[in-house]
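Per-entry structural report
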Amino acid sequence: MEIKVAKNAGFCFGVKRAVELVNKLSSEGKPVYTYGEIIHNESVVKELESKGVKVVNDLDELRNLEKGTLVIRSHGIPKADYDKLSELGTKYEDATCPFVKKIHKLAREYSEDPNNKIVIIGSKHHPEVIGIRGWCLTEPVIFETVEEVLNYSENSDKKHIILAQTTFNLNKFQDIVEIFEKKRYYSIVLNTICNATSARQTETEKLAGEADAMIVVGGKHSSNTQKLYNICIKKCVDTYYIQTPDDLDIRKLRLFRCVGITAGASTPNNIIEEVRTRMAEMSFEEMLEESLKTTRHNGEVVEGTVIAVKEDEIILNIGYKADGILTKNEYSNTPTDLTTVAKVGDKMEVKVLKLNDGDGQVLLTYKRLAAEKGNKRLEDAYNNKEVLKAKVSQVLNGGLSVVVDEARVFIPASLVSDTYEKNLDKYAGEEIEFVISEFNPKKRRVIGDRKQILTAKKNELKKALFEKLAVGQVVDGTVKNVTDFGAFIDLGGADGLLHISEMSWGHIENPKKVFKVGDMVKTFVKDIQGEKIALSLKFEDQNPWAGAEEKFAVGTIVSGKVARMTDFGAFIELEPGVDALLHVSQIATNHVEKPSDVLKTGEEVTAKVVDFNAETKKISLSIKALLAGADENEEKASEDSEENQAE
């Protein structure tokens, strides 16, 4: 077996300088702290911890620690952190990489011009990018993917100053810059990718194209190591990402003729050398066992171990010569940040989608396996008429889409409710119950039905309601619909009609002025005919006609307001629910053509009761009789006065 080690593998200048500085300070016997892990390599960090070096993740921790020296790692820190160190009076050694320092200076200088827009190409969560951002006087924009740049829209005429994380993938950086140019943005491109990074990536790409297998050595959280892995996997399907020699699976590498080894900028040379040595010492017997190596095939369900997680993909060891790639699209139908659902070391059951996607990668799927299980769940629910519950994932033109264990169910608009609903938007994100009314996964036709559940529940409620409902019973309900002739009241199982004539003892002009949908109403059952329920608000104890025969006896003088008028007279409201007719002929002693000539709606009038019919509840009034009576009294009073004078 031929083993090729990349010349540029291992510690870069900045990392080497930082680690040597920490080792030197720790040998002096005084407390040494690093602001964050000095490099993204677990073995190096643990070795430094064994020497008493403590990692500080928040500068405020220094307030409670013994005075010592803080080492700023090669990634650099924001300007505000330097100010905080001055405030705390902390002694520190700055191991920021000179290349990173240069970017800080550029970010500060260019952001002083309000006509400039700083663009940082890199990972927004990487400490180096966080540091660069902290030197900008205005808020920069940060891009990591080509898709983010394609979706970027800036209408201002600001000049874009493009900077890059020192460890960013050179080819990817060039692709992003090209998009800026195609979008015709006025840009100044400052390629701040470290020369060592560019050289390492270029050499790694060449080596991966020549080797039968590649080993990438470095910390799982190392950005530049992850980029090396991504470069290798595109050129060489048999690429393995390890942190230490103990992670090396010799069985996977036994029969390869040429194996390349590369390493990230935070990988110590002694680890690279140990990996090379172990590869060289493989025995002939071990190589012979390669014939027993595991095979895989498309469609196979396998259990894999997560070895790396990014926002848009999970890499799994599936016991095959190549690791498997599980993309965001094949994880779930719902957009998901994969770093929130998986971590290194997790076990996952997946399905092999394609052993070779053209780039030598093994593509995996989680959602399709889940969908198969989901379809089995739906089939069982269909056969058992089980009621399912799920959230509405999409509101479509013709209905709703819900997902059960990654299996989709379509609920047509006609089966969403037991009543017609024009707009289904209110169901978005809501959890609903339904049954499977049709199951045909081969035709991708799985139909859900919510209507029959609602109908069944209403029938049960209706049955229970009619079993206890009786004429005269007082019931509570909710106004469901209001028309010109009345209101329909939901009694919890059936609707009752509150007719306009039963809404009040008085006159109701328009039910819509009295009730609105959703109002709570206490009524009583006036009549039940089959499934038709008549309701009333005319409670007998509130009947204004009780005692009216005495209160409005013939000859009584009363006052009231003009409620409404017709050509033949005006109706006077004596009190709510009791109206009396003032005929046009009784309005005045002289001739009146029509009531509206002398009266106005709402006007208060005084008249005499000239007729009262208790059976028909009709009262007749007369102003004319009242005036005539007054005239008679005046004449009588005049006569009495003359007689007294004669005496």
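Residues numbered from 1 in each chain as written. Predicted model: local features only at pLDDT ≥ 70, side-chain atom pairs only at ≥ 80, totals over all residues. Heavy atoms only, no water.

Moving on, we come to the sheet that holds strand β3 (residues 54–56). An order of β3-β2-β4-β5 is seen for the 4 strands of this open sheet, with the pairing classed as parallel. Here the strands that pair on one side only, and so sit at the sheet edges, are β3 and β5 (91–94). Pairwise comparison of adjacent strand axes, ignoring direction, gives a mean angle of 30 degrees for this sheet. Pairing of strand β2 (residues 32–35) with strand β4 (residues 69–72) involves 4 bridges; the strand directions are parallel. Bridging across to β4, Tyr35 finds its partner in Ile72. (Pairing = 2+ DSSP bridges. Helix = DSSP H or I, 4+ residues; strand = E, 2+ residues; numbered from the N terminus. Axes fitted to C-alpha atoms, helices over the stretch in contact; angles between N-to-C directions.)

Here the focus is the pattern of salt bridges. Scanning all chains against the criterion turns up 31 salt bridges. In this structure, the salt-bridge partner of Asp60 is Lys84, at a minimum N-O distance of 2.9 Å. With Asp60 in the loop between β3 and β4 and Lys84 in helix α3 (residues 79–88), this pair connects stretches of sequence that are 24 residues apart. For Asp60, a relative accessible area of 32% puts it in the partly exposed group. Here Lys526 ties to Glu502 by a salt bridge, and the two come within 2.4 Å at their closest N and O atoms. Of this pair, Lys526 sits in strand β26 (residues 520–529) while Glu502 sits in the loop between β25 (495–499) and β26, placing them 24 residues apart in sequence. For Glu502, a relative accessible area of 11% puts it in the buried group. Here the residues in one salt-bridge network are Asp60, Arg63, Lys84 and Glu87, joined through shared partners. (Salt bridge = Lys/Arg side-chain N within 4 Å of Asp/Glu carboxyl O. Buried < 20%, exposed > 50% of the residue type's maximum accessible area, 1.4 Å probe, protein only.)

Our focus in this paragraph is the pairing of strand β19 (residues 399–404). It is a general feature of regular strands that their side chains alternate between the two faces of the sheet. Of all 6 residues in β19, 5 are buried; the element is thus mostly enclosed. As paired elements, strand β18 (residues 388–396) and β19 share 4 bridges and run antiparallel to each other. Along β19, the bridge assignment pairs Val392 with Val402. As defined by bridge partners, β19 adjoins strand β20 (residues 407–412) across 6 bridges and the pair is classed as antiparallel. Considered in β20, the bridge of Val403 is made with Arg408. Adjacent in sequence and paired antiparallel, β19 and β20 are bridged by 2 residues, among which Asp405 carries a positive phi angle near 50 degrees.

This next bit is on empty space enclosed by the protein. A water-sized probe rolled over the atoms picks out the places where empty space is left. Evaluation of the coordinates by the stated rule reveals 4 cavities of 30 Å³ or more. Computed from the structure, the largest cavity encloses a volume of approximately 260 Å³. Contributing to the lining of the largest cavity are 22 residues, with Val15, Ser74, His75, Thr167 and Asn224 lying nearest its centre. If you tally residues by element for the lining of the largest cavity, the top one is helix α8 (residues 195–210), at 3 residues. A breakdown of the residues in the lining of the largest cavity according to their chemical character gives 8 nonpolar, 12 polar and 2 charged. Approximately 50 Å³ is the volume attributed to the second largest cavity. Forming the boundary of the second largest cavity are Gln226, Tyr229, Asn230, Tyr241, Ala308, Lys310 and Ile315. Its residues assigned to classes, the lining of the second largest cavity shows 4 nonpolar, 2 polar and 1 charged. (1 Å grid on protein atoms, 1.4 Å probe; cavity = no way out; pocket = protein on both sides within 12 Å on 5 of 7 lines; lining within 4 Å. Points joined across faces, edges and corners; volume = space filled by probe spheres on them. Nonpolar A, V, L, I, M, F, W, Y, C, P; charged D, E, K, R; others polar.)

As a further point, take the UniProt feature "domain: S1 motif" (unreviewed entry) in the protein. UniProt's entry tags residues 299–367, 385–451, 472–538 and 555–624 with the feature "domain: S1 motif" (unreviewed entry), counted in the numbering of this structure. A helix fraction of 0% and a strand fraction of 51% characterise residues 472–538, whose end C-alpha atoms lie 11 Å from each other. Its end C-alpha atoms 13 Å apart, residues 555–624 is made of 3% helix and 54% strand. (UniProt positions renumbered as here; feature names shortened; annotations may be inferred.)

The next subject is helix α10 (residues 269–280). Here α10 is 12 residues long and its end C-alpha atoms lie 17 Å apart, about the 16 Å a rise of 1.5 Å per residue gives. Burial in α10 covers these residues: Ile271, Ile272, Val275 and Met279. Buried residues of α10 fall within an arc of 105 degrees about the axis and therefore sit on the same side. Away from its buried face by more than 90 degrees, α10 exposes Asn269, Asn270 and Ala280. Considering only its buried residues, α10 is in contact with β1 (2–5), α2 (42–50), β10 (213–217), β11 (239–242) and β12 (258–263). (Expected span 1.5 Å × (residues − 1). Arc of directions from axis to C-beta. Contact = heavy atoms within 4.5 Å.)

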